[in-house]
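# An overview of the molecular structure
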Amino acid sequence: MASESITTSGYIKHHLQNLTFGEKHVESASGVWTSTGELGFAESAQEASQMGFWAINVDTMVMSLVLGGLMMWFFRRVAKSISSGVPTPAQNFAEMIIEFINDTVRGSFSGGKNDLVAPLGLTIFVWIFLMNLMDLIPVDFIPVLVAQGASLAFGVDPHHVYFKVVPTTDPNAPLGMALVVFALMLYYSFKVKGTGGFLAELSLEPFGKFALPINIVLETVTLLAKPFSLGLRLFGNMYAGEMVFILIATMYSASLVLGSVAALLQVGWAIFHILIITLQAFIFMVLTIVYMDMAHQRH
Amino acid sequence: MDMGLVYIAGALMAGLGALGAAVGVGLLGGRFLEAAARQPELVPMLRTQFFLVAGLVDAVPMIAVGLSMYVLFAVV
């Protein structure tokens, strides 16, 4: 990719590549990848996939942790400087969010006293919303900053510096959150229903006692489908939204006319995307609460 | 790997996903308008439920569209 004339698919692939850190691999002439043993950033998509399981997508981690820290800092600052007399705008804003989530939780969670569900709902909603919000920043803005910064600081070829801004377009982040929700679901199922109750629910559910094998297959499929659909729904929406932004971005380099059309498209899609961003964060939260509620159902 | 097949696969996934989403949200919109016509005072509550269920109806089609783009661009 050192050639100046960057092709459209090259541009798209460049923007879909995560900054992966792991064991560096070198491809020999005959196409056999061998590990070089020392750690480093992947130079290409193929090398990133060669790094296998123990590779970390640094951009996803950095963006999500920074946004998480920002969220916690904001709520802590509001909580510390809370005053019932003269509420500051930030306090009003935080109260509005918390009341909104409290009503949703009270509406769909009837599993008795559990002081984890509402904070979990708040964290999920605000964090995923912030992560999705990164999608509205123009596609090239942060990746170019990071690439130029890296080439200045570490003298790396900017073409090989990849940076994917939106953590939720990396399948690891949404599926990771979904797996945590799945673990919580199992924990509360065993805790509230008891091992016997939960296994009974898994094996006796739709068709009664004698159709045991069919029940088990059906119930385990539904159980496993929950985390995957929860995670992949967020990933699918954000990835498709990001892809449309990238495709619009490729129109800018075509010509002045196409560029102005692309500008209109970008504004239109960004406005529509604001709905998708909030909706997906809201749905992830509501489904988490519903799954927690199902885990607390006692037959 | 023959690129043509990959493109056809991606197009099929995205197209059928879009078909499903269109039919689903279309029906949902129709029911929403009926309910709003019958009880206009419930429109705010109905609207939030509409968006919630529209998001859920969109889930599998968007997963299909997301995966088709993943296949088209990231796997190749």
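Residues numbered from 1 in each chain as written. Chains lettered and ligands numbered in written order. Predicted model: local features only at pLDDT ≥ 70, side-chain atom pairs only at ≥ 80, totals over all residues. Heavy atoms only, no water.

Under the UniProt annotation, the feature "domain: V-ATPase proteolipid subunit C-like" (unreviewed entry) is placed at residues 8–70 of chain B. Along residues 8–70 of chain B, the helical share is 92% and the strand share 0%, with 14 Å between the first and last C-alpha atoms. (UniProt positions renumbered as here; feature names shortened; annotations may be inferred. Helix = DSSP H or I, 4+ residues; strand = E, 2+ residues; numbered from the N terminus.)

Once that is clear, we can look at empty space enclosed by the protein. Residue and element names in this part refer to chain A. The final tally for this structure, using the stated rule, is one cavity of 30 Å³ or more. Each pocket or cavity is described by its volume, and for the largest cavity that value is around 80 Å³. Considering the residues around the largest cavity, the lining is formed by His15, Met134, Asp135, Ile137, Pro138, Val139, Pro143, Phe163, Lys164, Val165, Val166 and Glu242. Looking at the lining of the largest cavity, its residues break down into eight nonpolar, one polar and three charged. (1 Å grid on protein atoms, 1.4 Å probe; cavity = no way out; pocket = protein on both sides within 12 Å on 5 of 7 lines; lining within 4 Å. Points joined across faces, edges and corners; volume = space filled by probe spheres on them. Nonpolar A, V, L, I, M, F, W, Y, C, P; charged D, E, K, R; others polar.)

Looking now at the packing of helix 3 (residues 58–80) of chain A against helix 5 (residues 117–133) of chain A. Residue and element names in this part refer to chain A. Here helix 3 crosses helix 5 at 125°, and the two axes come no closer than 9 Å. Compared by their axis directions, helix 3 and helix 5 come out oblique. Helix-helix and strand crossings are classified by hand; for helix 3 and helix 5 the assignment is right-handed. For the pair formed by helix 3 and helix 5, the contact residues are Ser64, Leu67, Gly68, Met71 and Phe75 on the first element and Leu122, Thr123, Val126, Trp127, Leu130 and Met131 on the second. Grouping the amino acids of the contact of helix 3 with helix 5 by side-chain chemistry returns eight nonpolar, three polar and no charged. (Axes fitted to C-alpha atoms, helices over the stretch in contact; angles between N-to-C directions. Parallel < 35°, antiparallel > 145°, perpendicular 65-115°, else oblique. Left-handed = near helix turned anticlockwise from the far one by under 90°. Contact = heavy atoms within 4.5 Å.)

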